[in-house]
Amino acid sequence: MCAEGALEDLPALDAPLAARRMDALPLCIGLFCIIWSSAFAVAKVALADCPPLLLLSARFLTAGGAILAVAAVVLPRERFSRLGARDVAALALMGILNNACYLGLSYVGMTHVSSGFTAVLISANPLLTALVAAPLLGERLSGRKVAGLLLGMAGVALVVRSRIASGHEDPTGTLYVLGALVTLSAATLLFKRIRTSATLWIGSGIQSLAGGLALLPVALWREDMADVHLTLPLTLAFSYLTFAGSVGAFSLWFFILGRTSATRASALHFLMPPLGLMFGWLLLGEKVPLLDLAGVVPIALGIRLVTTAPDGRKPQKR
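All figures in this text were calculated on a predicted structure; none of them were measured in a lab.

1. Observations regarding the overall build of the protein chain
Alright, step 1. Assigned secondary structure in the protein chain consists of 17 helices and zero strands.
Alright, step 2. Here the protein chain, with 318 residues, has 52% of them falling under the buried criterion.
Alright, step 3. The contacts in the protein chain between residues at least 6 apart in sequence include a share of 91% that link residues at least 24 apart.
Alright, step 4. As presented, the protein chain carries roughly 13700 Å² of accessible surface, and 69% of it is formed by carbon and sulfur atoms.

So, in C-alpha cells, the structure goes:
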C-alpha cells in the first residue's frame, strides 16, 4: 500500500508523470472493482477446501514476501533505509486492520453466508467512512453527498431485503461481516490520517506480512491443518486471491486513496453489490432475485451524487 505523502510529492517532482498517473485513475478504479468484487466468490471456492484463517495467513505471508522480494531487487536501497520505526508501526497497524481484521472477519463470515450477501454488506463502507471523515479529516459532507450516500444505502437495502426476509443468511455470519465493515472503514480513515515514507510496494509488503503474522497464531490455535485439502480449485483460487487480490487490488485501492478523498474513494464500494452478485452467480450458482437487480439503479445514482460536484466536475482532492 502506498505512502500518501510520497504520492502527493509527485506533481512537484515530475508534473508529466503525475498527470499520467492521474489519467490512469479510471482504469485503476475499473480493475479494482472487478478484482475486489470477484474475490468474494473466489474466496468461497477456496473455503470449501481450506479453513478461513489458515487460508488468509498463507495468502498474506506469500504476498508480503513476494512484494518485498521484488521491491528489494528493483528499488534503490535507500527506500528501505529511510523507513523509521514509526513508519513500520503505522504500516503494520494498517495491515492488521486491512488484512487480519477486515478479511479475517469477512472470510469467517462467508463460511456462514453467501458471497453476494457479503459483498452487499461491505459496500456500506462509504456511509461509515463519510460520517467519520467529516469531523476527523475535515472532508466536507455536503447535502448532495449525504443524499447520494443515503440513496446508495437504500439501494443496498433493496438488494438485501429478500435475502434477510427469507432468513437464508445466518445471523452469526452477518455479525462477522458487519465487524469486517467497521474495520475496513477504520483502515480507510487511518490511511488518510497517517503519512509514512514507504513506497507503494514496500508499504504493501509490510502490511501483508503484518496481517499474516497477526493471523497465523490464531489460525494455528483455532483451525486444523488436516482440514486443508490441496485440490486444483484451491490452488487456482489461492493464486488469484494472493496475486490479484493481495498484491493487485490492495495496491490499486491505496493508489486510488492517495489521489482522492476518503469519502469519494469509499463510494466505489457501492459498485460491489451488482458485481459481487454477478460473480456469485457466475462462479457459485448463487441465486439473484429480481429485487437484487432493481437495487442497482439507486446504487448507481448514489455513486454519481457522491463522486461529482453539482456542476458535473469531479470534486478536488483535499
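2. Describing the packing of helix H7 (residues 85–110) against helix H11 (residues 171–193)
Alright, step 1. Between H7 and H11, whose axes approach to 8 Å, the crossing angle comes to 160°. Looking at the two axes, H7 sits roughly antiparallel to H11. In the crossing of H7 with H11, the sense of the turn from one axis to the other is left-handed. Contact with H7, carried on its side by Leu93, Met94, Leu97, Asn98, Cys101, Tyr102, Leu105, Ser106, Val108 and Gly109, involves Gly173, Tyr176, Val177, Gly179, Ala180, Thr183, Leu184, Ala186, Ala187, Leu190 and Phe191 of H11 and no other residues of that element.
Alright, step 2. Partitioning the contact of H7 with H11 into residue classes produces 15 nonpolar, six polar and no charged.

3. Focus on the nonpolar core
Alright, step 1. Grouped together as the largest cluster of nonpolar side chains are 69 residues, with contacts concentrated most on Phe32, Trp36, Leu55, Tyr102, Tyr107, Ile122 and Leu241.
Alright, step 2. Among the elements that take part in this core, helix H4 (residues 25–47) stands out by supplying 13 residues, more than any other.
Alright, step 3. Tyr102 has contacts with Trp36, Phe40, Leu97, Ile122, Ala180, Thr183 and Leu184, leaving out every residue within four places of it along the chain.

4. Things to note about the side chain of Ser114
Alright, step 1. Looking at the element boundaries, Ser114 is found in the loop between H7 and helix H8 (115–122).
Alright, step 2. Among the polar contacts made by the side chain of Ser114, one reaches the side chain of Glu169 at a distance of 3.0 Å.
Alright, step 3. If sequence neighbours within four positions are ignored, Ser114 has contacts with Lys44, Arg163, Glu169 and Glu286.

5. Some remarks on H7
Alright, step 1. Given a rise of 1.5 Å per residue, 26 residues ought to cover 38 Å, and the 35 Å separating the end C-alpha atoms of H7 matches this to within 8%.
Alright, step 2. Approximately 30° is the largest bend angle found in H7, and it occurs at Ile96.

6. Topic: H8
Alright, step 1. Judged by how many residues are buried, H8 sits mostly within the fold: eight of eight residues are covered.
Alright, step 2. Taken together, the buried positions of H8 are Ser115, Gly116, Phe117, Thr118, Ala119, Val120, Leu121 and Ile122.

7. Regarding the packing of H4 against H7
Alright, step 1. Remark: H4 packs on H7, axes separated minimally by 10 Å, with the N-to-C direction vectors making an angle of 55°. Classified by the angle between their axes, H4 and H7 sit oblique to one another. Relative to H7, H4 is oriented so that their crossing is right-handed. Across the interface between the two elements, Trp36, Phe40, Ala43, Lys44 and Leu47 of H4 pack against Tyr102, Tyr107 and Met110 of H7.
Alright, step 2. Split into classes, the residues belonging to the contact of H4 with H7 amount to seven nonpolar, no polar and one charged.

8. With respect to the side chain of Thr183
Alright, step 1. Looking at the secondary structure, you find Thr183 in helix H11.
Alright, step 2. One polar contact links the side chain of Thr183 to the main-chain carbonyl oxygen of Ala180, over a distance of 2.9 Å.
Alright, step 3. For Thr183, the residues in contact, after removing those within four places along its chain, are Leu97, Cys101, Tyr102 and Leu105.

9. Re the packing of aromatic side chains
Alright, step 1. One pass over the structure, following the stated rule, counts two aromatic pairs.
Alright, step 2. On the numbers, 4.8 Å between centres and 45° between planes, the contact of Phe32 with Trp36 is tilted. With Phe32 and Trp36 both in helix H4, this residue pair falls four residues apart, about one helical turn.
Alright, step 3. Exposure remark for Phe32: the relative accessible area of 0% places this residue in the buried category.

10. Describing a nonpolar patch on the surface
Alright, step 1. A contiguous nonpolar surface patch, about 480 Å² in accessible area, is contributed by Met278, Trp281, Leu282, Leu283 and Leu284.
Alright, step 2. In this structure, Leu284 sits in helix H15 (residues 272–284).

11. Let's talk about empty space enclosed by the protein
Rolled over the atoms, a probe as big as a water molecule pinpoints where empty space is left.
Alright, step 1. Considering all chains together, one arrives at one cavity of 30 Å³ or more under this definition.
Alright, step 2. Considering the residues around the largest cavity, the lining is formed by Trp36, Ala39, Phe40, Ala43, Arg59, Tyr102, Leu103, Tyr107, Gly245, Ala249 and Phe250.
Alright, step 3. Of all the elements in the fold, those that place two or more residues in the lining of the largest cavity are H4, H7 and helix H13 (232–257).
Alright, step 4. Of all the elements, H4 adds the most residues to the lining of the largest cavity, at four residues.

12. So, the confidence of the model for the protein chain
Alright, step 1. Confidence in the prediction for the protein chain averages 80 pLDDT; 85% of positions are at 70 or higher.
Alright, step 2. Within the model, pLDDT remains below 50 along residues 1–15, and this stretch shows 35 contacts once partners closer than five positions in the same chain are excluded.

13. Points about the environment of Ile206
Alright, step 1. Checked against the element boundaries, Ile206 lands in helix H12 (residues 200–222).
Alright, step 2. Given the relative accessible area of 16%, Ile206 is considered buried.
Alright, step 3. In this structure the C-alpha to C-alpha distance between Ile206 and Val88, which are 118 residues apart in sequence, comes to 7.4 Å.
Alright, step 4. Ignoring sequence-local partners within four residues, the contact set of Ile206 consists of Leu68, Leu83, Val88, Leu91 and Ala92.

Cut-off values and rules
- Residues numbered from 1 in each chain as written.
- Predicted model: local features only at pLDDT ≥ 70, side-chain atom pairs only at ≥ 80, totals over all residues.
- Heavy atoms only, no water.
- Helix = DSSP H or I, 4+ residues; strand = E, 2+ residues; numbered from the N terminus.
- Buried < 20%, exposed > 50% of the residue type's maximum accessible area, 1.4 Å probe, protein only.
- Contact = heavy atoms within 4.5 Å.
- Areas by Shrake-Rupley, 256 points an atom, 1.4 Å probe, with all protein chains shown as cover.
- Axes fitted to C-alpha atoms, helices over the stretch in contact; angles between N-to-C directions.
- Parallel < 35°, antiparallel > 145°, perpendicular 65-115°, else oblique.
- Left-handed = near helix turned anticlockwise from the far one by under 90°.
- Nonpolar A, V, L, I, M, F, W, Y, C, P; charged D, E, K, R; others polar.
- Core = buried A, V, L, I, M, F, W, Y, C linked by side-chain atoms within 4.5 Å.
- Polar contact = N/O pair within 3.5 Å; in protein donor to acceptor, adjacent residues only side chain to side chain.
- Expected span 1.5 Å × (residues − 1).
- Bend = angle between axes of the 7 residues up to and from the residue.
- Phe/Tyr/Trp six-rings, centres within 6.5 Å; stacked < 30°, edge-to-face > 60°.
- Patch = residues over 30% accessible without salt bridge, like charges linked within 9 Å, V, L, I, M, F, W, Y side chains within 5 Å.
- Salt bridge = Lys/Arg side-chain N within 4 Å of Asp/Glu carboxyl O.
- 1 Å grid on protein atoms, 1.4 Å probe; cavity = no way out; pocket = protein on both sides within 12 Å on 5 of 7 lines; lining within 4 Å.
- Points joined across faces, edges and corners; volume = space filled by probe spheres on them.
- pLDDT = per-residue confidence, 0-100.

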